[in-house]
Amino acid sequence: MRLFYLDSARAVLMLLGVVLHVSSVYSVGSNWWVVSADASLIYNYLNSAIHTFRMPAFFLISGFFSAMVISKKGHREFIRSRFARLIVPVSVCAWLINYPQSVFLNRYGNRSVYFFTDTGWVYHLWFLNYLFIYVILLYGSKLWLLKTPVRLRLPSLLYDNLANLMASALVAMFGIHLLASFCQLRYHEYFGRLEIYGLSLYGLMFLIGVGTYYNKKLLSTVVDSSALGLIPCGILLTLEMLYFHTMNSKLGTALVMATSIVLGIWMSAIVLALFKRYLNFSNKYMSFISGASYSIYLLHHPLVLLFGAVFNRLYWNIHLEALISIVAIFAITSLLHGYLISRYRVLSFLLNGK
């Protein structure tokens with residue numbers, strides 16, 4: 001049976017990037033590329049809420065579909081399709097979208113950006129760097145778990161319920177970052193937001209996603225038991241806010257990093273459970289959204305910058321500006337996908353990798 005809710009979730013998580021970036025324009029104290037002269041804490045809260053689940057859930061789903069492609073089509077087709085979906089759009093967008101953005105921002109933006117030596121070549125496509133690394137590792141290692149179609153060979157204690165899964169991930173994340181601290185590995189960004197924290201957090205989520213494909217018990221744990229994570233998650237987040245951030249030590253840093261995986265798993269479980277309950281079906285609207293989400297995400301970023309720069313000179317009500325920006329960007333990018341990208345094979349390949 002096809003899991004329509006995972007398709008829907010992946011598409012919606014991608015599209016939430018539009019809302020996230022528009023809210024960054026209007027957040028208080030924002031240091032985003034374009035910042036409004038007026039701001040509201042509403043957008044800070046919106047930004048934080050989306051951050052807690054969007055990328056962790058996205059990488060979990062990516063791991064699931066990666067394992068599915070390998071299982072159904074083999075390693076060779078997997079690496080071919082993933083290269084097309086990752087390398088081609090990044091290469092094209094780097095020059096056709098991101099380079100003009102850098103020129104635009106150096107004149108109208110909140111801060112200067114350098115295309116070759118800064119994150120200018122990647123911008124909003126930073127997550128594809130991580131996916132590329134995980135895909136290479138998955139293909140190159142041919143992990144023993146990928147050869148086990150029946151079940152993931154891990155002690156069931158690690159994933160019998162959501163609390164156990166989060167505790168296991170917490171220990172793994174804590175160990176990674178404690179080791180990184182003692183080895184004096186700094187949390188700098190390389191090659192467009194590529195750093196240890198992101199690699200470990202999203203890597204663990206991706207690995208959990210791979211496991212959910214081969215182990216139905218693990219999938220059930222992630223999707224159906226989300227409420228079980230509420231109590232331990234609340235306790236850990238409270239500890240983080242009240243104590244961990246005040247610890248100026250390697251231990252404190254590792255604890256802060258480790259608690260983030262708990263929040264990521266818990267929020268991902270809630271999101272996927274909601275999608276399974278309410279959007280586990282297919283119709284022409286959801287099919288279009290699923291097919292268009294990649295195009296919309298790739299194309300939305302320069303429009304967010306443009307609308308933000310224009311509205312900065314008009315001084316309208318910021319909530320009206322944000323609403324107009326979101327609706328207009330969705331409309332423009334959806335039309336571009338529907339009437340251009342999806343209809344011409346060369347554009348579909350260059351911007352969608354297929």
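Residues numbered from 1 in each chain as written. Predicted model: local features only at pLDDT ≥ 70, side-chain atom pairs only at ≥ 80, totals over all residues. Heavy atoms only, no water.

Draft legend 1. Spatial organisation of the environment of T52. Examined against the element boundaries, T52 turns out to sit in helix 2 (residues 41–108). Each C-alpha atom of the pair T52 and S260 lies 8.5 Å from the other, and the pair is 208 residues apart in sequence. Those residues in contact with T52 that lie beyond four places of it in its chain are L263, G264 and M267. (Helix = DSSP H or I, 4+ residues; strand = E, 2+ residues; numbered from the N terminus. Contact = heavy atoms within 4.5 Å.)

Draft legend 2. Representation of the packing of helix 1 (residues 4–25) against helix 2 within the structure. Packing of helix 1 against helix 2 brings their axes to within 9 Å, and their N-to-C directions diverge by 150 degrees. Here helix 1 is positioned roughly antiparallel relative to helix 2, judged by the angle of their axes. Helix 2 is crossed by helix 1, and the crossing has left-handed handedness. Judged by residue contacts, L6, D7, A9, R10, L13, M14, L16, G17, V19, L20, S23 and S24 of helix 1 engage Y43, L46, N47, I50, H51, F53, R54, A57, F58, I61, F64 and F65 from helix 2. (Axes fitted to C-alpha atoms, helices over the stretch in contact; angles between N-to-C directions. Parallel < 35°, antiparallel > 145°, perpendicular 65-115°, else oblique. Left-handed = near helix turned anticlockwise from the far one by under 90°.)

Draft legend 3. Unusual backbone geometry, seen in detail. We note that Y123 has phi near 45 degrees; this positive angle belongs to a residue other than glycine. Positionally, Y123 belongs in the loop between helix 2 and helix 3 (126–141). Y123 gets classed as buried once you look at its relative accessible area, which sits at 4%. Backbone geometry at Y315 places phi at a positive 60 degrees, although glycine is not the residue there. Looking at the element boundaries, Y315 is found in the loop between helix 9 (284–311) and helix 10 (318–341). (Buried < 20%, exposed > 50% of the residue type's maximum accessible area, 1.4 Å probe, protein only.)

Draft legend 4. Inspection of empty space enclosed by the protein at higher detail. Summed over the entire model, instances satisfying the criterion amount to one cavity of 30 Å³ or more. In this structure, the largest cavity spans a volume of roughly 30 Å³. Taken together, S36, A37, D38, F311, N312, Y315, W316, I318 and E321 make up the lining of the largest cavity. Looking at the lining of the largest cavity residue by residue, the class counts come to five nonpolar, two polar and two charged. (1 Å grid on protein atoms, 1.4 Å probe; cavity = no way out; pocket = protein on both sides within 12 Å on 5 of 7 lines; lining within 4 Å. Points joined across faces, edges and corners; volume = space filled by probe spheres on them. Nonpolar A, V, L, I, M, F, W, Y, C, P; charged D, E, K, R; others polar.)

Draft legend 5. Spatial organisation of the pattern of salt bridges. Summed over the entire model, instances satisfying the criterion amount to two salt bridges. E77 is the salt-bridge partner of R80, the closest N and O atoms lying 2.9 Å from each other. Of this pair, R80 and E77 both sit in helix 2, three residues apart, roughly one helical turn. By relative accessible area, which is 48% here, R80 ends up partly exposed. (Salt bridge = Lys/Arg side-chain N within 4 Å of Asp/Glu carboxyl O.)

Draft legend 6. Fine view of helix 9. Its 28 residues place the ends of helix 9 only 34 Å apart at the C-alpha level, less than the 40 Å of an ideal helix rising 1.5 Å per residue. The largest bend in helix 9 amounts to roughly 45 degrees and is located at A292. If you check the start of helix 9, you find a side-chain oxygen 3.0 Å away from the backbone N of Y285, and it comes from N283. (Expected span 1.5 Å × (residues − 1). Bend = angle between axes of the 7 residues up to and from the residue. Polar contact = N/O pair within 3.5 Å; in protein donor to acceptor, adjacent residues only side chain to side chain.)

Draft legend 7. Seen up close, the side chain of S36. Tracing the sequence through the fold places S36 in the loop between helix 1 and helix 2. At 2.8 Å, the side chain of S36 forms a polar contact with the backbone oxygen of D38. Beyond its immediate sequence surroundings of up to four residues, S36 is in contact with V25, Y26, N312, I318 and E321.

Draft legend 8. Summary view of the side chain of S295. The topology assignment puts S295 in helix 9. With sequence-adjacent residues up to four places away left out, S295 is seen in contact with H337, I341 and N352.

Draft legend 9. Layout of the packing of aromatic side chains. Counted according to the given criterion, the structure contains 21 aromatic pairs. Relative to Y123, the ring of W33 lies with its centre 5.2 Å away and its plane at 80 degrees, an arrangement referred to as edge-to-face. Linking W33 in the loop between helix 1 and helix 2 with Y123 in the loop between helix 2 and helix 3, this pair joins segments that are 90 residues apart in sequence. Among the residues examined, W33 registers a relative accessible area of 8% and is labelled buried. An aromatic cluster of at least three residues, connected via ring pairs, comprises F58, F59, W126, F127, Y130, Y134, Y202, F206 and Y297. (Phe/Tyr/Trp six-rings, centres within 6.5 Å; stacked < 30°, edge-to-face > 60°.)

Draft legend 10. Quick peek at helix 5 (residues 196–214). The terminal C-alpha atoms of helix 5 lie 27 Å apart, and with 19 residues this matches the ideal 27 Å at 1.5 Å per residue to within 8%. A large share of helix 5 lies buried, amounting to 15 of its 19 residues. For helix 5, the side-chain oxygen to backbone nitrogen distance between the N-cap and Y197 is 2.9 Å, and the N-cap itself is E195.

Draft legend 11. Seen up close, the nonpolar core. Grouped together as the largest cluster of nonpolar side chains are 76 residues, with contacts concentrated most on F59, F127, I261 and I265. For this core, the elements supplying multiple residues, two or more each, are helix 1, helix 2, helix 3, helix 4 (162–182), helix 5, helix 6 (216–224), helix 8 (250–278) and helix 9. Counting residues per element, this core draws most heavily on helix 2, at 21 residues. Apart from residues lying up to four places away in sequence, F59 is in contact with F127, Y130, L131, Y134, Y202, M205 and F206. One finds V18, W32, Y43 and A292 within the second-largest nonpolar core, a separate group that totals 23 residues. (Core = buried A, V, L, I, M, F, W, Y, C linked by side-chain atoms within 4.5 Å.)

Taken by themselves, the reported measurements are silent on function.
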